[in-house]
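The primary structure of each chain is shown beneath.
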Amino acid sequence: PSSDCVVAEQLCLSDSTCNATYRTLENCALAKTRLLSMDHDSRVRCVNAELDLGNSSLLHCKCHRRMKRQEHCLRIFWTVHSSMTDGYFNLETSPYENPANEEHWKTDYNKLAALVSGNNFNGSQLAGDTTNPCLRATHICNLSKKCFRLRTDYASICTKGAGSEDVCDRRKCHRGLRNFFEKVPGDFTKRILFCPCQDELCGERRRKTIVPDCSFQYNTKPNCLWLLDSCLEDHICKSRLADFQQNCQPVDMSPDGCSLHNHAACLQAYMGMIGTPMTPNYVSNSSVEVSLWCTCENSGNQKEKCDQVLGMFESNKCL
């Protein structure tokens, strides 16, 4: 069976039985998206349709972060797995396949890093490279055409309206950020986002990597449950959240605080949240604490759920 949901959908639609089952699931997913209340019979029909897929390749298909038709692929995944999201926000499983080996990118990064550390960049060693790892990571990104282009793209979109009454286009800003983190090799993006800092100047640069005034901060902090609802209505955000929940699941009994013991996968999943309605960021220039830009004040009887959402980032030992 194909692991790609787009291919799996085509195979299913060419089979009359599978096609009919899939059309039922599409209606179920649509009702869920529109928050329509379903009667008992409708809910049973939806669960049975999912069970009817049995060993179909649709039931086991996955998507890739870097694929061209990613949103279409994710829509198929959540159509087939719509009954899994009955919990408030426990999405259970990630629609993404495990990231492929990215070792071949290291040579490109190391070659450019050698240029920066030598005297080949603008004829002299750059001041601040040794004391500001975030500045150094940015200089190395600037030497890579792809890294420079995509970083410039999102920076220009996300800084429009800064310092004036114009409000930036947050949706476009988020898309630009996702493009950067998806299309630029991880060696570049991880060093820019997770650069180790010893002083506030470096920390300031790190915190502004994702242009917080546009992509992260609102004038007033919204309720975290509002952020969550915005996320669950968006196929990409919902998928990144499922990936984050799967790979950054904290466990108190575990020595490293992580259920999967895979911190690289957790950091990758964290990066996937950037450029979504639930974009996280560093909360200050002087620490590595991260959070969502939201509050749980005035949550009423949903305070516990709200604290859970905020706690996924603020007090997650695995992350």
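Residues numbered from 1 in each chain as written. Predicted model: local features only at pLDDT ≥ 70, side-chain atom pairs only at ≥ 80, totals over all residues. Heavy atoms only, no water.

- Per an unreviewed UniProt entry, the recorded name for the protein chain is GFRA4 protein, and the organism is Dicaeum eximium.
- What UniProt states about the protein chain under its Subcellular location (unreviewed entry) heading is, verbatim, "Cell membrane". (UniProt positions renumbered as here; feature names shortened; annotations may be inferred.)

So, the packing of helix H12 (residues 224–232) against helix H13 (residues 235–247)
Part 1 of the argument: Following both chains from N to C, one finds H12 and H13 inclined at 110°, their axes separated by 6 Å at the closest point. Viewed along their axes, H12 and H13 adopt a mutual orientation that is roughly perpendicular. The residues of H13 that touch H12, namely those facing Leu228, Cys231 and Leu232, are Cys237, Lys238 and Leu241.
Part 2 of the argument: Of the residues that constitute the contact of H12 with H13, the class distribution is five nonpolar, no polar and one charged. (Axes fitted to C-alpha atoms, helices over the stretch in contact; angles between N-to-C directions. Helix = DSSP H or I, 4+ residues; strand = E, 2+ residues; numbered from the N terminus. Parallel < 35°, antiparallel > 145°, perpendicular 65-115°, else oblique. Contact = heavy atoms within 4.5 Å. Nonpolar A, V, L, I, M, F, W, Y, C, P; charged D, E, K, R; others polar.)

Here's the deal with the state of the cysteines
A covalent bond between the sulfur atoms of two cysteines is referred to as a disulfide.
Part 1 of the argument: Counting across every chain of the model gives 14 disulfides.
Part 2 of the argument: Each sulfur in the disulfide pair Cys134 and Cys195 lies 1.9 Å from the other. Note on the Cys134 and Cys195 pair: the S-S dihedral is about 90°, so by sign convention the disulfide is right-handed. Placement of Cys134 in helix H6 (residues 133–143) and of Cys195 in the loop between helix H9 (186–193) and helix H10 (200–207) is noted, with a sequence separation of 61 residues between them. Neither residue differs from the other here; Cys134 and Cys195 are each classed as buried.
Part 3 of the argument: The disulfide bridge from Cys197 ends at Cys202, spanning 2.1 Å between sulfur atoms. (Disulfide = S-S within 2.5 Å. Buried < 20%, exposed > 50% of the residue type's maximum accessible area, 1.4 Å probe, protein only.)

Here we look at the packing of aromatic side chains
Part 1 of the argument: One pass over the structure, following the stated rule, counts seven aromatic pairs.
Part 2 of the argument: Geometrically, the ring pair formed by Phe194 and Tyr270 is tilted, given 6.1 Å between the ring centres and 40° between the ring planes. Here Tyr270 lies in helix H14 (residues 263–273) and Phe194 lies in the loop between H9 and H10, a separation of 76 residues in the sequence.
Part 3 of the argument: Taken together, a centroid distance of 6.0 Å and an interplanar angle of 85° make the contact between Tyr218 and Trp226 edge-to-face.
Part 4 of the argument: Look at Tyr218 and you get partly exposed, because its relative accessible area is 25%.
Part 5 of the argument: Judged by its relative accessible area of 45%, Trp226 falls in the partly exposed class.
Part 6 of the argument: Here a set of aromatic residues connected by ring pairs shows up, and it is made of Tyr154, Phe180 and Phe181.
Part 7 of the argument: Above the face of the Trp293 ring, Lys221 is positioned so that its terminal group lies 4.9 Å from the ring centre.
Part 8 of the argument: Over the face of the ring belonging to Trp78 we find Lys238, whose NZ or CZ atom lies 4.6 Å from the ring centre. (Phe/Tyr/Trp six-rings, centres within 6.5 Å; stacked < 30°, edge-to-face > 60°. Lys NZ or Arg CZ within 6 Å of the ring centre and 35° of its normal.)

Considering the environment of Leu13
Part 1 of the argument: The residue Leu13 is located in helix H1 (residues 5–13) in this model.
Part 2 of the argument: For the pair Leu13 and Arg23, spaced 10 residues apart in sequence, the C-alpha separation works out to 9.1 Å.
Part 3 of the argument: Those residues within four positions of Leu13 in sequence are excluded, and the remaining contacts are Asn19, Tyr22 and Arg23.

Let's talk about H12
Part 1 of the argument: For H12, the full list of buried residues reads Cys224, Leu225, Leu227, Leu228, Ser230 and Cys231.
Part 2 of the argument: At the N-terminal boundary of H12, the capping side chain belongs to Asn223, with an oxygen 2.8 Å from the backbone nitrogen of Leu225. (Polar contact = N/O pair within 3.5 Å; in protein donor to acceptor, adjacent residues only side chain to side chain.)

Let's talk about the pattern of salt bridges
Part 1 of the argument: Within this structure, the stated rule accounts for eight salt bridges.
Part 2 of the argument: Between Arg23 and Glu26 there is a salt bridge, with its nearest N and O atoms 2.9 Å apart. Placement of both Arg23 and Glu26 in helix H2 (residues 16–33) is noted, with a separation of three residues, approximately one turn of the helix.
Part 3 of the argument: Assessed through its relative accessible area of 22%, Glu26 is described here as partly exposed.
Part 4 of the argument: When salt bridges that share partners are traced, they join Glu9, Arg23, Glu26 and Arg75 into one network. (Salt bridge = Lys/Arg side-chain N within 4 Å of Asp/Glu carboxyl O.)

Quick word on the environment of Lys305
Part 1 of the argument: The topology assignment puts Lys305 in helix H15 (residues 303–314).
Part 2 of the argument: Looking at Lys305, the relative accessible area reads 34%, which means it is partly exposed.
Part 3 of the argument: Sequence-wise, Lys305 and Leu225 are 80 residues apart; in three dimensions their C-alpha atoms are separated by 7.9 Å.

Remarks on a positive patch on the surface
Part 1 of the argument: The grouping of Arg66, Lys146, Arg149 and Lys183 at the surface amounts to a positive patch.
Part 2 of the argument: One can find Lys183 in helix H8 (residues 170–183). (Patch = residues over 30% accessible without salt bridge, like charges linked within 9 Å, V, L, I, M, F, W, Y side chains within 5 Å. Areas by Shrake-Rupley, 256 points an atom, 1.4 Å probe, with all protein chains shown as cover. Lys, Arg positive; Asp, Glu negative; His and termini not counted. Charge placed at Lys NZ, Arg CZ, Asp CG, Glu CD.)

Some points on the nonpolar core
Part 1 of the argument: Of all hydrophobic cores here, the largest spans 51 residues; its most connected members are Phe180, Phe181, Phe244, Met278, Leu292, Val309 and Phe313.
Part 2 of the argument: Counting residues in hydrophobic clusters, the runner-up holds 23 residues, among them Leu58, Cys61, Cys63 and Met67. (Core = buried A, V, L, I, M, F, W, Y, C linked by side-chain atoms within 4.5 Å.)

Digging into unusual backbone geometry
Apart from glycine, the bulk of residues carry a negative phi angle, and the bulk of peptide bonds sit in the trans form.
Part 1 of the argument: Positive phi values are uncommon outside glycine, yet Val211 reaches one of about 45°.
Part 2 of the argument: Locating Val211 in the fold gives a position in the loop between H10 and helix H11 (212–215).
Part 3 of the argument: We note that Asn298 has phi near 60°; this positive angle belongs to a residue other than glycine.
Part 4 of the argument: Within the fold, Asn298 resides in the loop between strand S2 (290–292) and H15.
Part 5 of the argument: With relative accessibility at 80%, the residue Asn298 sits in the exposed group.

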